[in-house]
Amino acid sequence: MDDEQAHLSLGEVRRALDRLRQADIVRLSVLARNWARGLDRRDADDLLNEAFDRVLSGRRPWPSDVAMPAFFNGVMRSIASQWRHEDIRETLILDHTEGASGEMEESPPADHELSDLLSRMRLALGDDPQARNIMEHILADSDRDEAQAALRIDATSYDTARRRMIRHLFKMFNSGWTT
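Here's what I pulled together on the structure shown here. (Residues numbered from 1 in each chain as written. Predicted model: local features only at pLDDT ≥ 70, side-chain atom pairs only at ≥ 80, totals over all residues. Heavy atoms only, no water.)

Description of the pattern of salt bridges
Evaluated as defined, the whole model comprises 9 salt bridges. The partner of Glu136 in a salt bridge is Arg122, and the shortest N-O contact between them spans 2.4 Å. Here the residue Glu136 occupies a position in helix 7 (residues 129–139), and Arg122 occupies one in helix 6 (residues 112–124), the gap between them amounting to 14 residues. Looking at Glu136, the relative accessible area reads 27%, which means it is partly exposed. With a shortest N-O distance of 2.6 Å, Asp128 and Arg164 are connected by a salt bridge. Residue Asp128 is found in the loop between helix 6 and helix 7, and its partner Arg164 is found in helix 9 (residues 155–173); the two are separated by 36 residues along the sequence. Given a relative accessible area of 18%, Asp128 falls into the buried group. Among the residues examined, Arg164 registers a relative accessible area of 28% and is labelled partly exposed. (Salt bridge = Lys/Arg side-chain N within 4 Å of Asp/Glu carboxyl O. Helix = DSSP H or I, 4+ residues; strand = E, 2+ residues; numbered from the N terminus. Buried < 20%, exposed > 50% of the residue type's maximum accessible area, 1.4 Å probe, protein only.)

Here is the structure:
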């Protein structure tokens with residue numbers, strides 16, 4: 001299937017959005033309010049603007065066989081889900097914290113249990129450097145493309161090594177994550 005036939009061009013997207021009526025905009029706003037419920041740092045307007053930005057920039061292609069309300073509903077649902085995942089991530093160790101006196105204090109001590117677990121996981125993957133390197137990229141929160149480029153491997157090799165890593169760690173640490 002040709003990509004040009006499967007998705008609207010950016011010109012077609014702009015023309016479709018230029019033809020939006022007030023009622024369409026209200027419907028999209030209602031959808032945005034629905035998906036924005038529970039977002040901590042963003043609201044419905046942010047969500048709708050981000051959806052328009054992704055669609056108009058071409059980062060989110062519009063399939064030619066999907067109606068506008070259904071397409072934007074999916075786009076906003078996806079963005080809201082991404083933002084929720086970002087909001088629930090917590091920093092494990094703060095670099096510095098501001099004390100009551102306004103001065104910067106040292107970070108809390110590292111979690112020794114986590115350090116021990118990571119050390120044992122690295123040791124368990126010692127015989128498979130590719131899987132260990134993928135684990136390090138995951139821990140560093142690198143995205144898939146960055147990891148592949150840094151390790152100089154293709155998508156298939158990355159997926160294979162990642163599955164090997166998961167299987168090996170699951171086998172080694174399945175019983176309560178202890179050895």
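Next, the rest of the story.
Examining the packing of aromatic side chains
One pass over the full model with this rule turns up 4 aromatic pairs. Seen from their ring centres, Phe52 and Phe72 are 5.1 Å apart, and the 55 degrees between their planes marks the pair as tilted. You can see Phe52 sitting in helix 4 (residues 44–57) and its partner Phe72 sitting in helix 5 (residues 68–88), a full 20 residues away along the chain. Overall, the relative accessible area of 0% leaves Phe72 in the buried class. By the ring-pair criterion, three or more aromatic residues cluster together here, those being Phe52, Trp62, Phe71 and Phe72. We note Arg42 situated over the ring of Trp83; from NZ or CZ to the ring centre the distance is 4.3 Å. (Phe/Tyr/Trp six-rings, centres within 6.5 Å; stacked < 30°, edge-to-face > 60°. Lys NZ or Arg CZ within 6 Å of the ring centre and 35° of its normal.)

Looking at unusual backbone geometry
Look at Asp141: it is not a glycine, yet its phi comes out positive at around 60 degrees. For Asp141, the position within the fold is in the loop between helix 7 and helix 8 (144–151). In this structure Asp141 comes out as exposed when scored by relative accessible area, which is 52%. The backbone of Arg152 shows a phi angle near 55 degrees, a positive value even though the residue is not glycine. Structurally, Arg152 can be placed in the loop between helix 8 and helix 9. By relative accessible area, Arg152 is classed as exposed at 76%.

Some details on the packing of helix 8 against helix 9
Packing of helix 8 against helix 9 leaves a shortest axis separation of 10 Å and a crossing angle of 100 degrees. By the angle between their axes, helix 8 is roughly perpendicular relative to helix 9. From helix 8, Arg144, Ala147 and Gln148 reach across to helix 9, where they touch Ala155, Tyr158 and Asp159. The residue inventory of the contact of helix 8 with helix 9, partitioned by class, reads 3 nonpolar, 1 polar and 2 charged. (Axes fitted to C-alpha atoms, helices over the stretch in contact; angles between N-to-C directions. Parallel < 35°, antiparallel > 145°, perpendicular 65-115°, else oblique. Contact = heavy atoms within 4.5 Å. Nonpolar A, V, L, I, M, F, W, Y, C, P; charged D, E, K, R; others polar.)

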